[in-house]
Amino acid sequence: MTSTSPKSPLATVTGALCFILTVGGASGLLHEWLGWIRFMGFLRLLAPDGYEIYSYVVMIALGVAVGVAGDALARRGSA
């Protein structure tokens, strides 16, 4: 059975940010390793020259952390 309570705006924003950072970082890593996948190319502007791989790993870790924090906040608000 699904919940009928609406999702909070903070949970929506953190979910979107989690998706953008995680998928963008993963696609950046795939582009660096394979050279032909470019899904969220605008995130390459956040990676300094010479540190692309490190930047994409940090984006993935930050995306996961934002997702976990947003989920914890959403659970705390609904309980």
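Look up: the structure comes first, before these words.
Thresholds, definitions, all that
Residues numbered from 1 in each chain as written. Predicted model: local features only at pLDDT ≥ 70, side-chain atom pairs only at ≥ 80, totals over all residues. Heavy atoms only, no water. Helix = DSSP H or I, 4+ residues; strand = E, 2+ residues; numbered from the N terminus. Buried < 20%, exposed > 50% of the residue type's maximum accessible area, 1.4 Å probe, protein only. Patch = residues over 30% accessible without salt bridge, like charges linked within 9 Å, V, L, I, M, F, W, Y side chains within 5 Å. Areas by Shrake-Rupley, 256 points an atom, 1.4 Å probe, with all protein chains shown as cover. Salt bridge = Lys/Arg side-chain N within 4 Å of Asp/Glu carboxyl O. Phe/Tyr/Trp six-rings, centres within 6.5 Å; stacked < 30°, edge-to-face > 60°. Polar contact = N/O pair within 3.5 Å; in protein donor to acceptor, adjacent residues only side chain to side chain. Contact = heavy atoms within 4.5 Å. Core = buried A, V, L, I, M, F, W, Y, C linked by side-chain atoms within 4.5 Å.

A. Region of the structure containing the overall build of the protein chain. Of regular secondary structure, the protein chain possesses two helices and zero strands. Among the 79 residues that make up the protein chain, the fraction classed as buried is 24%.

B. A nonpolar patch on the surface, seen in detail. Judged by side-chain polarity, L30, W33, L34, W36, I53 and V57 come together as a nonpolar surface patch covering roughly 650 Å² of accessible area. At the level of elements, α1 (9-34) and α2 (52-78) are the ones that each hand at least two residues to the nonpolar patch. Turning to its location among the elements, W36 is positioned in the loop between α1 and α2.

C. View of the packing of aromatic side chains. Tallying each qualifying case throughout the model produces one aromatic pair. Relative to Y54, the ring of Y51 lies with its centre 6.3 Å away and its plane at 45°, an arrangement referred to as tilted. Here Y51 falls in the partly exposed class, since its relative accessible area comes to 49%.

D. Fine view of the side chain of T14. Inspection of the secondary structure assignment puts T14 in helix α1. A distance of 3.1 Å separates a polar side-chain atom of T14 from the backbone oxygen of A11. Sequence-distant contacts of T14, defined by excluding residues within four places in its chain, comprise V66 and G70.

E. The nonpolar core, seen in detail. Counting seven residues, the largest nonpolar core consists of L21, L29, M40, L43, A47, Y56 and M59. At the level of elements, α1 and α2 are the ones that each hand at least two residues to this core. Aside from chain neighbours lying at most four places away, what touches Y56 is G24, G25, G28, L29, E32, R38, L43, R44 and A47.

F. Main features of the pattern of salt bridges. Within this structure, the stated rule accounts for one salt bridge. The closest approach of N and O atoms between R75 and D71, which form a salt bridge, is 3.3 Å. Of this pair, R75 and D71 both sit in helix α2, four residues apart, roughly one helical turn.

G. Fine view of the environment of F39. Structurally, the position occupied by F39 is in the loop between α1 and α2. Residues F39 and S27 lie twelve residues apart in sequence; the distance between their C-alpha atoms is 6.0 Å. The contacts of F39, once residues within four sequence positions are left out, are V23 and S27.

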